[in-house]
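In case you want the letters, here they are:
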Amino acid sequence: MNNLIDILYERGFIEKTTHDDELVEYIDQGNIKGYIGFDPTALSLHIGSLVPIMSLAHMQKHGHRPIALIGGGTGLVGDPSGKTEMRKLLTPEMVEHNARGIEKQLSRFIDFSKGKALILNNADWLSELKYIPFLRDIGRHFSVNRMIKAESYKMRLESEEGLNFIEFNYTLLQAYDFLNLFDNYGCRLQMGGSDQWGNIISGIGLIRKMRQETVFGITFPLITTSSGAKMGKTAEGAVWLDSERTSPYEYYQYWINTDDNDIVRFLALYTFLPMDEIKDIERLEDDDLNSAKTVLAFEATQLVHGRQEAIKAYHAAASMFGVRIVPERIMPTSSIPRDEADFDDISVPHSFFDLKQIQTGIPAFKLFHLVGLAPSGSAAMRLIRQGGGYINGNRISSTEYMISENDLNNKEILLRAGKKRFHKIKIRY
RNA sequence: GGUGGGGUUCCCGAGUGGUCAAAGGGAACAGACUGUAAAUCUGUCGGCAAAGCCUUCGGAGGUUCAAAUCCUCCCCCCACCA
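Residues numbered from 1 in each chain as written. Chains lettered and ligands numbered in written order. Predicted model: local features only at pLDDT ≥ 70, side-chain atom pairs only at ≥ 80, totals over all residues. Heavy atoms only, no water.

> Honestly, the overall build of chain A in this entry has me stumped. Any pointers?
Regarding its fold elements, chain A presents 19 helices and 15 strands. In terms of overall dimensions, chain A has C-alpha extents of about 80 × 50 × 40 Å along its principal axes. A total of 429 residues make up chain A; the buried ones form 51% of that total. Looking at chain A alone, contacts between residues at least 24 apart form 74% of all its contacts between residues at least 6 apart. A total accessible area of about 20800 Å² is found for chain A, and carbon and sulfur atoms account for 49% of it. (Helix = DSSP H or I, 4+ residues; strand = E, 2+ residues; numbered from the N terminus. Buried < 20%, exposed > 50% of the residue type's maximum accessible area, 1.4 Å probe, protein only. Contact = heavy atoms within 4.5 Å. Areas by Shrake-Rupley, 256 points an atom, 1.4 Å probe, with all protein chains shown as cover.)

Here it is, written out as structure tokens:
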């Protein structure tokens, strides 16, 4: 059970691989290089990229050398695989900017020091490509007949919108990436999402044809929640790894809201906790399940935002929803604090108001909108009308309700929308 | 370039002169039930200090008392032909 492949299989990272036995043999040699591409379509990565990131981290933990390839060049083209519509084209400046942000986030999971891992940008070689030589050297190895039969293009070919030529070239560029990494870095493994299978196979084929060498591919399953939703999608949009976009508290809450049926799977994928402990979770019921979710949320938050932030989020949640001490018997390896500490709540979303503003009086619905608990005044009005608006734990009875000094509770007002969205008003003196 | 079909509120999708803030479904939100879970049931689901008013149906004009619906021009997408 020491081979990276076994570990990845056990934790649920692998959907399929090429050359099963040869791949295991190859990885057994140790210190191998494997790469994954990251699209710089946004400034930040989100939860959807966590599986690739974690697998690179596992690689490193097992003595191999991960290569994170930022798609600075391919990002200018846009991967159509599995997409229903064409991506918006990004400007080179945007791609460059995004690449930096992504690099920062990756380094939380992977140690890039002393060549223990590499971070590369394919713009470095793709932007220099000459069209005619590229067509002659690379393009001639690709059969259009085969390409249009590929599953990843199928959706687009059958759709109304069709497939644009620029996107059709994406596969060639990604195959060329692999060739390049093979030639210059001795990289023989590419990993990626299941939608990348076609692109990965193309790279493998290209290297076989041009270098007569065998290289390998691994794809990850598409992770969905038990209810069928894509990972990391909420009403507010994606759950980002960047604390500017998704606060550690919100991030923590996302994991706490995990479906019961997903806990084991997610602990395996999104934490480094030992598998034998994770398997014990399957036997838990009721309240213990919530403890397991707490561990999941804590560990996942710690990985992305660091221990301090994870503890803050954990404490904030405790102060809102009640303290929950995780028993020693559940996930003993987890570093989640298990003692009754002083639970502060500084991580709960909050904003500051002047005492004067409160004394003047402000309609409750207005305040809910103001602090972002409702997207509009109308929505806030509805919320209150439906009995979903609370002040300091008490349901607001009327849409006319005015917030005043009387609502101050220890210099604070706790607003709540529905069951689990909180916002604290603090008075600035 | 030609011909035909399209662009509707977060998404899908009905609507071809007033009864349209626009059917239906999905998503989402709230309530009940719970465990900050799922399932189920009920309600809400453009904005606005709100029984009223304002802004939306690719864009800009126009016809009309009245336009998502009719006319003109433009932009974009798709299919077939070249």
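Picking up where we left off.
> How should a negative patch on the surface be read in this particular structure?
A cluster of acidic side chains, namely Asp-20, Asp-21, Glu-22, Glu-25 and Asp-28, defines a negative patch on the protein surface. Mapping Asp-21 onto the fold places it in helix H2 (residues 20-28). (Patch = residues over 30% accessible without salt bridge, like charges linked within 9 Å, V, L, I, M, F, W, Y side chains within 5 Å. Salt bridge = Lys/Arg side-chain N within 4 Å of Asp/Glu carboxyl O. Lys, Arg positive; Asp, Glu negative; His and termini not counted. Charge placed at Lys NZ, Arg CZ, Asp CG, Glu CD.)

> I would appreciate a short explanation of helix H10 (residues 170-185) in the present structure.
Counted at 1.5 Å a residue, the expected span for H10 with its 16 residues is 22 Å, and the 22 Å between its end C-alpha atoms agrees. In terms of residue burial, H10 counts as a mostly covered element, since 13 of its 16 residues are buried. A positive phi of about 65° marks Gly-186, the residue just after H10. (Expected span 1.5 Å × (residues − 1).)

> Any chance you could explain the nonpolar core here in plain terms?
A general trend in soluble globular proteins is that nonpolar side chains are found buried together. Phe-38, Ile-47, Leu-50, Tyr-251, Trp-255 and Tyr-270 are the most contacted members of the largest nonpolar core, which totals 74 residues. The contact partners of Leu-50, leaving out residues within four places of it in the chain, are Phe-109, Leu-241, Tyr-251, Trp-255 and Tyr-270. Membership of the second largest hydrophobic core comes to 26 residues, among which are Trp-125, Tyr-153, Leu-172 and Leu-206. (Core = buried A, V, L, I, M, F, W, Y, C linked by side-chain atoms within 4.5 Å.)

> How should a positive patch on the surface be read in this particular structure?
Residues Arg-146, Lys-149, Arg-208 and Lys-209 make up a contiguous surface patch of positive charge. Listing elements by their share of the positive patch, those giving two or more residues are helix H7 (144-149) and helix H11 (197-211). Along the polypeptide, Arg-146 turns up in helix H7. Given the relative accessible area of 63%, Arg-146 is considered exposed.

> Hey, could you run me through the pairing of strand S15 (residues 421-428) in this one?
Remember that side chains alternate between the two faces of the sheet whenever the strand is regular. Most of S15 sits inside the fold, with six of its eight residues counted as buried. Relative to S15, strand S9 (residues 350-354) runs parallel, the two being bridged by five bridges. Bridge pairing links Asp-354 to Arg-428 in S15. Linkage of strand S14 (residues 412-417) to S15, two consecutive antiparallel strands, is achieved through a turn of three residues, within which Gly-418 is found at a positive phi near 65°. (Pairing = 2+ DSSP bridges.)

> Even after reading the chapter, I still don't get a nonpolar patch on the surface, so can you show me in this structure?
Residues Tyr-131, Ile-132, Leu-135 and Phe-165 make up a contiguous nonpolar surface patch of roughly 440 Å² in combined accessible area. With three residues, the top contributor of residues to the nonpolar patch is helix H6 (residues 131-137). Tracing the backbone shows Tyr-131 in helix H6.

> Would you mind going over the side chain of Thr-225 with me for this structure?
Its place among the elements puts Thr-225 in the loop between strand S6 (216-220) and strand S7 (233-234). According to the relative accessible area criterion, Thr-225 is buried, its value standing at 14%. The contact partners of Thr-225, leaving out residues within four places of it in the chain, are Met-231, Asp-262, Arg-265 and Phe-266.

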